Amino acid sequence: MSGAAVRTAGASVASSPSAKVGQRAAPARQENDLYRLARRAGIAVHWTDAYDQPQVVQEDALRAILAALGLPCDTPGDCRDSLAQLDRQQAVGYLPPLLTGVQHQPLTLPMHSRLHGLSCRVELENGARLMLLISSDLNRPPTLPPIDVPGYHRLLVAGHILTLAIAPARCYTIADTLAERGKGRGWALAGQVYGLRSESLNPARKIYGDGGIGHFGALAALAHSAAEYGAAALAMSPLHAMFAADPGRSSPYSPSSRLFLNPYLIDPAGILGEEAQAQVLVEGGSEMIAAHERLQQASLIDWPRAGAHRLTLLRRLYALFRTEQAGQAAQQAAFAAFVAEGGAALRAHALYEAYSQHLADQGAVGYCDWRQWGPAGLHPDTPEMRAFASEHAGEIDFHLFLQWQAARQLGQAQQCARAAGMPIGLIADLAVGADNGGSQAWSHQAEIAAGLTVGAPPDRLAPQGQNWGLGAFSPLALRRTGYQGYLAMLRACFAQGGGVRIDHVLGLNRLWLVPQGRDADAGAYVSYPQQDLLRLIALESWRHRAVVIGEDLGTVPPGFDQALDTAGVAGIRVLWFQRDKTGFLPPADWSDQAIAVTTTHDLPTVAGWWSGADIAWRDRLGQLDEGVAAAQEQRSQDRRQLWHSLVEQGWASGPLPELTQAVVEEVSEERHPATLEDCAIAVDAALEMVAATPSPLAVVPVEDILGLTQQPNLPGLTDPHPNWRRRLPADTPQLFAAYPARARLERLRRVRGCGPKET
């Protein structure tokens, strides 16, 4: 989620008691068919804002949201027809295609199924069969006896055949994986993959560096470096597929598809070797080599140019693979097997990439938005799309090749992390949504709430609300389709490593959905099948033996924290928000169920917070309503409170260090990220404080290890702030060569109980 938020409890948030666009103070009124339909569809017509004021969603917003959920409601007759549609899902004898249950616990069937007293057969996925008797008490919902084997089983009863997803009671946890290595607590490094550097112009190895974008090869090297200091995991920025035809769209939290990987992160030298990369650069001529070197040396990623350059390299390497490497039977067979396993979904994604590039080459408008492709591009199976796929088979094969290489290199990075001693390895990041015009929405239209985008209601930090421009699954379609698209997405993300961080995990309970083209405050909360989703996450977590972390910043619904704890999903506690009325909480008062972090990609680094670098940026961009003097004074008070807590807990000593006030960063592709020496003491102490918490995993971003002042993303702001463009100041193998960085890594190792670094 590229929008920072404090953890708060309550139903929802708004900026003031006054009415907003799409919202108004709630009068007493009789429920009509529209409101009844909205309630049945899971829309919170009535809700309470941050000032404890009742609000009500206006009828035009309700109609737009309901229509996007497939429930027409323009007229009273439409409302009645849509209510009848929902009634059919509660009709006697109706069963959904998938039901979830918990291992060793009775499984409750829908009351309206009227299956009381019937015998049934359950075919376990391991091949065994169970003959079971459904409970016969007509005053209670029918229940199946406990099923002891987790997995996806088939239930056959009264002519119905459906899937039973039987999940363990909780996810595979951080404690589980650490205990297997005899460890009680661990620590993890967090890094933005695109910002990593590797092999800057090393002619001795006939390799010209990464060409301006980090890649999976550098990721593997970073994992190895972190593991040397006892790190249990490496948390990554999202690796989802972006838009190959538009490399300028760089936010990893606004992907085209969460089912596939970002080909811009492929290491060109990792495909056919360093010699092959050198060969294609030489064949490209001096101009291509000069561009490669220029992009390599820049401190900020030039996404349009660097992305196009990376794709050109990959095309040339693909051509080598299909010509000079054509005799490598094992590699060709591995590629064919990958494509076969990916099936129709993989081919649809490759078709999307090829067709959008075709339109871009023609200068068409909306080339990366299938909604602007007309009838020919309405879905992947139109006659026109099938003809295009036949005529452009080579281009589609290229994009299939990219996905194969991305998956292969990411798998190698995870193997490297585990081989280096990490109990968890890589932790993937699952974005809250994907672009409504992208590949995932195109090929899974039946499951996406078309015409709605995810955001957040107005609050004190964002008085107009937030609209992240991302599409979401329809909760009604999830149930109707047996969660097929959701499961495919989960499996794709779990396959990336040893853990998954779920962005905006509050979306398992509800999402603030906004009609396309409307302001954020014209949205409404829509509920999601939390119990089913948590059970499916738990089942997939154990099948992949991967831990689950939920980013739970924001307005937390009542009871949601407890639901996450019960499900084994670790929440997130951020240093800046761990306070009470008297100051910052001591480490002992932090949660032992959530991970502990110094900061996130959307928040200031420790050095940035301490120096006020974020305030300087917001002042420059006119984002400080209270004025820069008031913001600096508040930060000064916060700094004194944090220092007092650090001294009180023994992580620092002496008076508050003098500070040189941060100045606005000079954004330049030639200037490398800077550190501030007078922030070093605060950075050291803050890292030790977070490491001392009872959290099972303390997570520290690379920027804090290096003492950098600038954060990867400043939410809600774009140019001139270089969101998602910052590169780290040194090649990955030398990233921690300086003494301050090594000392911080050693402290993390020591405080988390990992012992001294081996020499």
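What you see is a predicted model, and the numbers here were worked out from it, not measured in a lab.

Caption draft 1: Fine view of the overall build of the protein chain. Along its length, the protein chain carries 23 helices and 28 strands. Whereas a compact globule of 759 residues would reach a radius of gyration of roughly 27 Å, the protein chain reaches 27 Å, a difference of no more than 12%. Dimensions of the protein chain along its principal axes, counting C-alpha atoms only, are 75 × 70 × 55 Å. Counting every position in the protein chain, which comprises 759 residues, the buried fraction comes to 57%. The contacts in the protein chain between residues at least 6 apart in sequence include a share of 73% that link residues at least 24 apart. Approximately 29,600 Å² of the protein chain is accessible, and the part contributed by carbon and sulfur atoms is 51%. Between the centroid of the 64 positive side chains of the protein chain and the centroid of its 76 negative side chains there is a distance of 5 Å.

Caption draft 2: Looking closely at the sheet that holds strand S18 (residues 466-470). Across the sheet, which stays open at both edges, the four strands sit in the order S18-S17-S20-S21 with antiparallel pairing between neighbours. With one partner strand each, in any of the chains shown, S18 and strand S21 (524-527) form the two edges of the open sheet. Taking the axes of each pair of neighbouring strands and ignoring which way they run, one obtains an average angle of 50 degrees across the sheet. Judged from the four bridges that link them, strand S17 (residues 452-456) and strand S20 (residues 510-515) form a sheet pairing that is antiparallel. Within the sheet, the bridge partner assigned to Leu452 lies in S20 and is Pro515.

Caption draft 3: Quick peek at the sheet that holds strand S11 (residues 160-167). Taken in spatial order, the five strands of this open sheet run S5-S11-S10-S7-S8, and their pairing is mixed. Looking along the sheet, the strands with just one partner apiece sit at the ends: strand S5 (98-102) and strand S8 (129-133). Each adjacent strand pair in this sheet contributes to an overall mean axis angle of 30 degrees, direction not counted. Relative to S8, strand S7 (residues 119-123) runs antiparallel, the two sharing five bridges. From the neighbouring strand, Val122 faces S8, where its bridge partner is Leu130.

Caption draft 4: Region of the structure containing helix H8 (residues 286-297). If you check H8, its first and last C-alpha atoms are 17 Å apart, about what twelve residues at 1.5 Å a residue would give, namely 16 Å. Listing the buried residues of H8 in full gives Met288, Ile289, Ala291, His292, Leu295 and Gln296. Across the axial projection of H8, the buried residues extend over an arc of 160 degrees, all falling on one side. Among the exposed residues of H8, those pointing more than 90 degrees away from its buried face are Ser286, Glu287 and Arg294. In the core, the buried residues of H8 are packed alongside helix H7 (274-284) and helix H9 (303-322).

Caption draft 5: Representation of the pairing of strand S10 (residues 151-157) within the structure. Buried residues dominate S10, accounting for six of its seven residues. If you look at the hairpin formed by S10 and S11, you'll find two residues sitting between the two strands, and Ala158 has a positive phi there, around 50 degrees.

Caption draft 6: Spatial organisation of the packing of aromatic side chains. Enumeration according to the criterion identifies 25 aromatic pairs in this entry. Between Trp47 and Trp512, the aromatic rings sit 5.2 Å apart at their centres with planes inclined by 70 degrees, giving edge-to-face as the arrangement. Note that Trp47 is positioned in strand S3 (residues 46-48) and Trp512 in strand S20, a separation of 465 residues in sequence. In terms of burial, Trp47 and Trp512 fall into one category: buried. When the ring of Phe473 is compared with that of Tyr486, the centres are 5.9 Å apart and the planes differ by 70 degrees; the resulting orientation is edge-to-face. On the criterion of sequence distance, the pair formed by Phe473 in the loop between S18 and helix H14 (475-480) and Tyr486 in helix H15 (residues 484-494) is long-range, its members being 13 residues apart. The class of Tyr486 is buried, set by a relative accessible area of 7%. A cation over a ring is seen here: Arg249 above Phe243, with NZ or CZ 3.8 Å from the ring centre. Stacked on the ring of Tyr152, the Lys or Arg Arg491 has its end atom at 5.1 Å from the ring centre.

Caption draft 7: Focus on the pattern of salt bridges. In total, this model carries 28 salt bridges according to the counting rule given. Here Asp137 ties to Arg140 by a salt bridge, and the two come within 3.6 Å at their closest N and O atoms. For Asp137, a relative accessible area of 35% corresponds to the partly exposed category. Since its relative accessible area comes to 57%, Arg140 is described here as exposed.

Caption draft 8: Region of the structure containing the nonpolar core. Ranked by internal contacts, the top residues of the largest apolar core, which has 209 residues, are Leu219 and Phe736. With ten residues, the top contributor of residues to this core is helix H12 (residues 393-419). Counting 17 residues, the second largest nonpolar core, distinct from the first, contains Leu109, Cys120, Leu124 and Leu155.

Caption draft 9: The arrangement of the packing of H7 against H9 in detail. Contact pair H7 / H9: the axes reach a minimum separation of 10 Å and the direction vectors enclose 110 degrees. The angle between the axes of H7 and H9 places the two elements in the roughly perpendicular class. Handedness of the crossing formed by H7 with H9: right-handed. Between H7 and H9, the residues in contact are Ala276, Gln277, Gln279, Val280, Leu281, Glu283 and Gly284 and His309, Leu313, Arg316, Leu317 and Leu320, respectively. Classifying every residue of the contact of H7 with H9 gives six nonpolar, four polar and two charged.

Caption draft 10: How the structure looks around unusual backbone geometry. Although it is not a glycine, Tyr483 sits at a positive phi angle of roughly 60 degrees. For Tyr483, the position within the fold is in the loop between H14 and H15. Despite not being glycine, His504 shows a phi value in the positive range, around 50 degrees. Positionally, His504 belongs in the loop between strand S19 (499-502) and S20.

Caption draft 11: A look at the environment of Ala245. Position of Ala245 among the secondary structure elements: in the loop between strand S14 (240-241) and strand S15 (257-261). Between the alpha carbons of Ala245 and Asp267 there is a distance of 19 Å; along the sequence they are 22 residues apart. The residues contacting Ala245, other than those within four sequence positions of it, are Tyr264, Ser356, Gln357, Ala360, Tyr367 and Cys368.

Caption draft 12: View of helix H21 (residues 680-691). Its twelve residues place the ends of H21 17 Å apart at the C-alpha level, agreeing with the 16 Å of an ideal helix rising 1.5 Å per residue. Taken across its twelve residues, H21 has ten buried, putting it largely inside the fold.

Caption draft 13: Region of interest: the environment of Ala233. Take Ala233: it is sitting in strand S13 (residues 233-236). The class for Ala233 is buried, based on a relative accessible area of 0%. Ala233 sits 416 residues away from Gln649 along the chain, and the two C-alpha atoms are 27 Å apart. Here Ala233 is in contact with Trp187, Ala188, Leu189, Met422, Ile424, Gly425 and Ile427, once residues within four sequence places are set aside.

Caption draft 14: Here's a closer look at the packing of H8 against H9. Across the interface, H8 lies against H9 with an axial gap of 11 Å and an inter-helix angle of 130 degrees. One finds that H8 runs oblique with respect to H9. The element H8 and its partner H9 pack so that their crossing is left-handed. Each of Met288, His292 and Leu295 in H8 lies in contact with H9, whose residues at this interface are Arg305, Ala306, His309, Thr312, Leu313 and Arg316. Considering only residue class, the contact of H8 with H9 consists of four nonpolar, three polar and two charged.

Conventions we followed
- Residues numbered from 1 in each chain as written.
- Predicted model: local features only at pLDDT ≥ 70, side-chain atom pairs only at ≥ 80, totals over all residues.
- Heavy atoms only, no water.
- Helix = DSSP H or I, 4+ residues; strand = E, 2+ residues; numbered from the N terminus.
- Rg over C-alpha atoms; globule rule 2.2 N^0.38 Å.
- Buried < 20%, exposed > 50% of the residue type's maximum accessible area, 1.4 Å probe, protein only.
- Contact = heavy atoms within 4.5 Å.
- Areas by Shrake-Rupley, 256 points an atom, 1.4 Å probe, with all protein chains shown as cover.
- Lys, Arg positive; Asp, Glu negative; His and termini not counted.
- Charge placed at Lys NZ, Arg CZ, Asp CG, Glu CD.
- Pairing = 2+ DSSP bridges.
- Axes fitted to C-alpha atoms, helices over the stretch in contact; angles between N-to-C directions.
- Expected span 1.5 Å × (residues − 1).
- Arc of directions from axis to C-beta.
- Phe/Tyr/Trp six-rings, centres within 6.5 Å; stacked < 30°, edge-to-face > 60°.
- Lys NZ or Arg CZ within 6 Å of the ring centre and 35° of its normal.
- Salt bridge = Lys/Arg side-chain N within 4 Å of Asp/Glu carboxyl O.
- Core = buried A, V, L, I, M, F, W, Y, C linked by side-chain atoms within 4.5 Å.
- Parallel < 35°, antiparallel > 145°, perpendicular 65-115°, else oblique.
- Left-handed = near helix turned anticlockwise from the far one by under 90°.
- Nonpolar A, V, L, I, M, F, W, Y, C, P; charged D, E, K, R; others polar.

These values are about where atoms sit, not about what they do.
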